[in-house]
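Remarks on the overall topology
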Amino acid sequence: MEQKREKVKCPVCDFKFIPESFHFEKTSYDQVESKGELIEFPNGKHQLELKPFTSIRGSFVTYCPQCKYLIKFAAEIGRKEVVEDPSLIKKLGAIKEFGNVYKYKYDPSEKPYMDYSDYFLEKADNIKKSIKNALDEVNLVQWGTSYNQWKENKSIDSFKFLIHFFSTLIDYLDSQVDDSDNKTVIQKIEEINLSKNLEILIKKVRELRNKITHRVYELSEEEEELVENSFTQFMKYLILKQLTPLNLNKINIEQDYNFIDINKINYEILRFLHLYLGNLLHIKNFYHEFLTPLFKDLKIQYSDYNP
């Protein structure tokens with residue numbers, strides 16, 4: 001049975017509400033047998049005995065927040081079905097009726113109504129899916145893998161990372177700029193509306209890349225910092241470009257979800273971004289130097305976020 005997207009109506013006070021929760025109560029009901037009159041006769045007796053058609057061995061329990069009345073819904077209902085092999089009577093705890101052997105077959109049910117956790121998970125999951133779909137458009141896996149290899153794999157030096165980074169950057173510029181074949185790299189960089197600081201960084205990386213491709217050259221510590229800073233700032237630009245249209249700082253709580261605490265939604269968004277981006281980008285001092293400024297730019301309000 002599919003969970004209902006509606007409020008429960010209390011049978012006692014008629015109050016309608018979204019259940020805070022359901023809990024599963026394992027029950028073992030004694031089956032009340034129906035018995036006909038016992039008729040005795042010489043050398044024997046006879047009595048008709050009927051088991052109930054259904055048996056219940058579990059229930060979902062919630063309560064009315066207005067009058068505190070406990071409300072139960074059947075969770076496992078057993079119905080009689082014929083046992084084909086009579087030898088299994090004892091093993092199955094079967095019963096005999098009208099010349100046939102029966103056992104109870106139990107079918108579990110879902111919670112009958114959505115409760116708070118169901119609504120919250122649905123709302124949060126939809127937001128996280130929209131975030132992931134937006135970020136997948138710029139293939140952060142490709143960017144993050146090359147950066148991680150540079151930092152963790154000694155066979156990938158700064159020279160190789162710079163070449164790969166700039167090559168991937170060119171591919172991105174070509175995908176964003178109209179008539180890219182007839183424009184210079186500088187024109188493409190200027191056309192995608194980077195911040196002035198990031199535009200300067202990318203142009204410096206271009207100059208460095210051109211310098212090292214024409215002669216043997218080993219990057220200095222200062223130049224490596226330039227490359228790394230350009231990479232992290234460009235990743236921030238890509239992420240903000242994808243996420244800003246989602247208005248994550250202005251999540252709309254629809255009428256069906258108006259009992260949800262928006263602060264908890266914001267926390268879940270921040271937690272998801274922390275885990276998702278951290279695992280993709282592998283950026284050094286990720287939380288304090290990358291994620292915290294990103295949260296600030298996204299303007300998501302949650303002052304007590306604790307990773």
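As the structure is a computational prediction, the values presented were derived from the model and not from experiment. (Residues numbered from 1 in each chain as written. Predicted model: local features only at pLDDT ≥ 70, side-chain atom pairs only at ≥ 80, totals over all residues. Heavy atoms only, no water.)

Focus: the overall build of the protein chain
- The helix and strand inventory of the protein chain stands at nine helices and 11 strands.
- On C-alpha atoms alone, the protein chain measures out to a radius of gyration of 33 Å, which is more than a quarter above the 19 Å that the 2.2 N^0.38 rule sets for 307 residues.
- Taking the principal axes of its C-alpha atoms as reference, the protein chain extends roughly 115 × 50 × 40 Å.
- Residue burial in the protein chain is summarised as follows: out of 307 residues, 37% are buried.
- For the protein chain, contacts bridging at least 24 residues in sequence account for 66% of all contacts bridging at least 6.
- Carbon together with sulfur atoms contributes 48% to the accessible area of the protein chain, which is approximately 19100 Å² in total.
- A gap of 2 Å separates the mean positions of the 44 positive and 48 negative side-chain charges of the protein chain. (Helix = DSSP H or I, 4+ residues; strand = E, 2+ residues; numbered from the N terminus. Rg over C-alpha atoms; globule rule 2.2 N^0.38 Å. Buried < 20%, exposed > 50% of the residue type's maximum accessible area, 1.4 Å probe, protein only. Contact = heavy atoms within 4.5 Å. Areas by Shrake-Rupley, 256 points an atom, 1.4 Å probe, with all protein chains shown as cover. Lys, Arg positive; Asp, Glu negative; His and termini not counted. Charge placed at Lys NZ, Arg CZ, Asp CG, Glu CD.)

Observations regarding helix H2 (residues 116–136)
- Under the 1.5 Å per step criterion, the end-to-end length of H2 is 30 Å for 21 residues, consistent within 8% with the ideal 30 Å.
- For H2, the full list of buried residues reads Asp118, Tyr119, Phe120, Lys123, Ala124, Ile127, Lys128, Ile131, Ala134 and Leu135.
- The inward-facing, buried residues of H2 abut helix H3 (140–152), helix H7 (221–243) and helix H8 (262–281). (Expected span 1.5 Å × (residues − 1).)

Describing a nonpolar patch on the surface
- On the surface, Leu48, Leu50 and Phe98 cluster together into a nonpolar patch covering about 300 Å² of accessible area.
- With respect to the helices and strands, Phe98 occurs in the loop between strand S10 (95–97) and strand S11 (100–108). (Patch = residues over 30% accessible without salt bridge, like charges linked within 9 Å, V, L, I, M, F, W, Y side chains within 5 Å. Salt bridge = Lys/Arg side-chain N within 4 Å of Asp/Glu carboxyl O.)

Some remarks on the sheet that holds S11
- Across the sheet, which stays open at both edges, the five strands sit in the order S3-S8-S9-S11-S10 with antiparallel pairing between neighbours. Every other strand in the sheet has two partners, leaving strand S3 (23–26) and S10 as the edge strands with one partner each. This sheet shows a mean twist of 35° between the axes of neighbouring strands, independent of strand direction. (Pairing = 2+ DSSP bridges. Axes fitted to C-alpha atoms, helices over the stretch in contact; angles between N-to-C directions.)

What about the confidence of the model for the protein chain?
- For the protein chain, per-residue confidence averages 88 on the pLDDT scale, and 94% of positions sit at 70 or higher.
- For the protein chain, helix H1 (residues 89–92) is the element with the lowest average pLDDT, namely 61, and H7 is the one with the highest, namely 95. (pLDDT = per-residue confidence, 0-100.)

Some details on the nonpolar core
- Leu140, Trp143, Phe234 and Leu277 are the most contacted members of the largest nonpolar core, which has 65 residues in total.
- Going through the elements one at a time, H2, H3, helix H4 (158–176), helix H6 (196–213), H7, H8 and helix H9 (286–298) are the ones with two or more residues in this core.
- For Leu140, the residues in contact, after removing those within four places along its chain, are Leu135, Met235, Ile239, Leu277, Leu280 and Leu281.
- Within the second largest apolar cluster, nine residues are counted, among which are Cys10, Phe17, Ala75 and Tyr113. (Core = buried A, V, L, I, M, F, W, Y, C linked by side-chain atoms within 4.5 Å.)

Quick word on the side chain of Glu76
- Note on placement: Glu76 falls in strand S9 (residues 70–82).
- Here Glu76 falls in the buried class, since its relative accessible area comes to 12%.
- Within the structure, Glu76 has its side chain in polar contact with the side chain of Lys26 (distance 3.2 Å). (Polar contact = N/O pair within 3.5 Å; in protein donor to acceptor, adjacent residues only side chain to side chain.)

Thoughts on the pairing of S11
- As paired strands, S9 and S11 are joined by seven bridges and run antiparallel to one another. What sits directly across from Ile77, in S11, is Asp107.
- Judged from the three bridges that link them, S10 and S11 form a sheet pairing that is antiparallel. In the strand pairing of S11, Lys96 is matched with Val101.
- Between S10 and S11, which follow one another and run antiparallel, lie two residues, and Phe98 among them has a positive phi close to 55°.

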